[in-house]
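Structure assessment
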Amino acid sequence: MLEEFRGHSERIAAVAFSPDGTQIASGSLDKTVAIFDKRIGVRSARNSPVGHSDIIECIAISFDGSRIVSGSFDKTVITWDTKSGDPLYKLEDHTEPLNSVVFSLDGTRFASASSDTTAKIWDVKTGTLITDFRGHTKSVHSVIFSPDGTQAASGGSDHTVILWDAKTGDIIHTLKEHSGMVTSVAFSPDGKYIASASSDRAVVIWNAKDGTLLRSLSGHTEQIASVAFSPDNIHVVSGGRDKKVMIWNTITGALIRDLEGHLKDITSVTFTNYGSCVISKDSENTLLWTDLGSGLHHMDVPSSLAEEQNVRLLYSKKWIISTKQGAGQKICFLIQHDITEFDSYGHIFVFGTRSGNIHILDFSPCINI
C-alpha cells in the first residue's frame, strides 16, 4: 500500500503518527502544520493568522488523537484541534526556539523544551502553565514524561539529565555522569529506567526511582544523537555521528548488535511498535529499516538490485523498497535521499519529504511479525 498527501510547499521538518495510527501531523519549513486523516483520506489542516511565523521544529499528537502540539523556531507553542484543524491557543512563554514537545500518556498535559534553558508543562484543555521548570543552565534538547505521568526527565547542553516532579516542578534527581551535552532522553515503557545519550559518546542507563547510575555504555566513537527503548524494556537502541546503530541489553549493558550501513551521521533511531525492527535516519535523509530477525547490516543497494530475480520491488523511482530472500534470511531495504522525517505505527510508516509531501507505506510484505 502506498499513499501520498500533498500538504506543504517546503521540506517537512517534523512528523508524528497518532497512537491509533489513523492520523498524521506534520510541520514544515513553510511554517505550517498539516493534519492528514487516513480514514477519510483528506487533509484537514487550516491556515490561520494564529499560526507559526518560522520553521516548525517539533510536533506531537495526543494519545486520544484529539490534539496536536507544535513547537517552532519562532519561540511559540501552538495546540491544534485534529478534527477541525483549527489552532486552539498559542503559547508565547518561551524566549528561544523550541526543541522538543511531548504529550503525557493520559493526554491531559504536554511538555515543551527550549533553548531558553527551560522545560514547561501545560494543561491541554486550557493552555494554562502547570509547571515552569528552570533547573538547567543551558539549552534543553529533550523532554519526556514517565509512563505514569508523575515525573518528567529532561536533558540539556549543561551535560545533565534532570528528573523532576511533573506536578510541582521540584527537582527529584540531577543526574551527572555525562561530560557533554545530553541530546536525547527516554523512559523505559515500564518506567523503571531512563536512558540518556550525549555528545560524550556514551549511553547511560539510570534507575528512575532513585537516580542511581546503573551502567554507562561505551561503543560509539562520536556524538550520539538519539536513544530509545524497545517496547519490552529489554533493549536500548542508539545512533549518532559515527554512522552506527547500536542495540544494547538494558539489564546487562551488553552490546547486542552493532549495525552499519549508513553513510552519513545518524540523527534519529526508534523501535517499531512490535519491537521486531529498528528504523534509523541519517543527515542525508536516508532511512534504514533493520529486521532484527535477519540482521540487516548494509543498505546502500544499487538500483539494479530491483532487476534481480530474488528481489521483489514494491515501489521504484525515488524509492527503493524491496525484500530479498537468501540463506534463510528475509531483509527489507529502504533507500530514499529525499526523506526528512519519519514515524511508525506497527509496520505502517509515514515519511515526510523535502518536497513537502507525506508518503504512507505498508511494510508488511517485507517482515514477519
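What this report covers is the structure whose coordinates are included nearby.

Conventions adopted
Residues numbered from 1 in each chain as written. Predicted model: local features only at pLDDT ≥ 70, side-chain atom pairs only at ≥ 80, totals over all residues. Heavy atoms only, no water. Helix = DSSP H or I, 4+ residues; strand = E, 2+ residues; numbered from the N terminus. Buried < 20%, exposed > 50% of the residue type's maximum accessible area, 1.4 Å probe, protein only. Areas by Shrake-Rupley, 256 points an atom, 1.4 Å probe, with all protein chains shown as cover. Polar contact = N/O pair within 3.5 Å; in protein donor to acceptor, adjacent residues only side chain to side chain. Contact = heavy atoms within 4.5 Å. Phe/Tyr/Trp six-rings, centres within 6.5 Å; stacked < 30°, edge-to-face > 60°. Pairing = 2+ DSSP bridges. Axes fitted to C-alpha atoms, helices over the stretch in contact; angles between N-to-C directions. Salt bridge = Lys/Arg side-chain N within 4 Å of Asp/Glu carboxyl O.

Describing the overall build of the protein chain
On a plain count of helices and strands, the protein chain comes out with zero helices and 34 strands. By the burial criterion, 57% of the 369 residues in the protein chain qualify as buried. Surface accessibility of the protein chain: about 14800 Å² in total, with carbon and sulfur atoms responsible for 46%.

Considering the side chain of R215
Assignment of secondary structure puts R215 in strand β21 (residues 213-218). Engagement of the side chain of R215 in a polar contact is seen with the backbone oxygen of T250, the distance being 2.6 Å. A distance of 2.6 Å separates a polar atom in the side chain of R215 from the backbone oxygen of I251. Once residues within four sequence positions are removed from consideration, R215 is found in contact with V203, V204, I205, T250, I251, T252 and G253.

Focus on the packing of aromatic side chains
Both the distance between ring centres and the angle between the ring planes are used here to describe each pair of aromatic rings. In the structure shown here, the tally under the stated rule is three aromatic pairs. Where F110 meets W122, the ring centres are 6.3 Å apart and the plane angle is 20°; that geometry is what we call stacked. In this pair, F110 is assigned in strand β11 (residues 109-114) and W122 in strand β12 (residues 119-123), connecting sequence segments 12 residues apart. Taken individually, F110 and W122 each receive the classification buried, so the pair is uniform in this respect.

Concerning the environment of V143
Inspection of the secondary structure puts V143 in strand β14 (residues 140-145). The class for V143 is buried, based on a relative accessible area of 4%. In contact with V143, other than residues within four places in its own chain, are S100, V102, A111, S112, A113, A119, A153, S154, W164 and V185.

Some points on the sheet that holds strand β24 (residues 245-249)
In spatial order, the strands read β22-β23-β24-β25; together these four strands make up an open sheet with antiparallel pairing. Every interior strand has two partners, whereas the edge strands, β22 (224-229) and β25 (255-259), have only one. Taking each pair of neighbouring strands and ignoring which way they run, the sheet shows an average axis angle of 15°. Of the pairings in the sheet, the one linking β24 to β25 comprises four bridges and is antiparallel in character. If you follow M246 over to β25, its bridge partner there is D258.

What about the pattern of salt bridges?
Within this structure, the stated rule accounts for five salt bridges. Between K244 and D258 there is a salt bridge, with the nearest N and O atoms lying 3.6 Å from each other. One end of the pair, K244, is in the loop between β23 (235-240) and β24; the other, D258, is in strand β25, with 14 residues separating them in the sequence. Taking relative accessible area as the criterion, D258 reaches 28% and is therefore assigned partly exposed. Its salt-bridge partner being K244, residue E260 comes within 3.6 Å of it at the nearest N-O pair. Remark: K244 occurs in the loop between β23 and β24 and E260 occurs in the loop between β25 and β26 (266-271); sequence separation between them is 16 residues. Its relative accessible area of 43% is what places E260 among the partly exposed residues.

With respect to the pairing of strand β17 (residues 171-176)
With five bridges joining them, strand β16 (residues 160-165) and β17 adopt antiparallel strand pairing. Residue pairing in the sheet places T160 in a bridge with K176 of β17. Turn length for the β16-β17 hairpin, with the two strands adjacent in sequence and antiparallel, is five residues, and the turn residue G169 shows positive phi of about 80°.

Overview of unusual backbone geometry
The bulk of non-glycine residues show a negative phi, and the bulk of peptide bonds are trans. Phi at K75 takes a positive value of approximately 75°, unusual for a residue other than glycine. Assignment of secondary structure puts K75 in the loop between β7 (67-72) and β8 (77-81). Under the relative-accessibility criterion, K75 is labelled partly exposed at 35%. In this structure, N233 takes a positive phi of about 75° despite not being glycine. Topologically, N233 is positioned in the loop between β22 and β23.

Things to note about the pairing of strand β20 (residues 202-207)
Counting buried positions along β20 yields five of six residues, so the element is predominantly enclosed. Examined bridge by bridge, strand β19 (residues 193-198) and β20 share five bridges and lie antiparallel to one another. Counterpart to A195 in the pairing with β20 is I205. Adjacent in sequence and paired antiparallel, β19 and β20 are bridged by three residues, among which R201 carries a positive phi angle near 80°. Direction of pairing for β20 relative to β21: antiparallel, over a ladder of five bridges. What sits directly across from I205, in β21, is R215. In this structure, the hairpin formed by β20 and β21 is closed by a connection of five residues, where G211 is found at a positive phi of approximately 75°.

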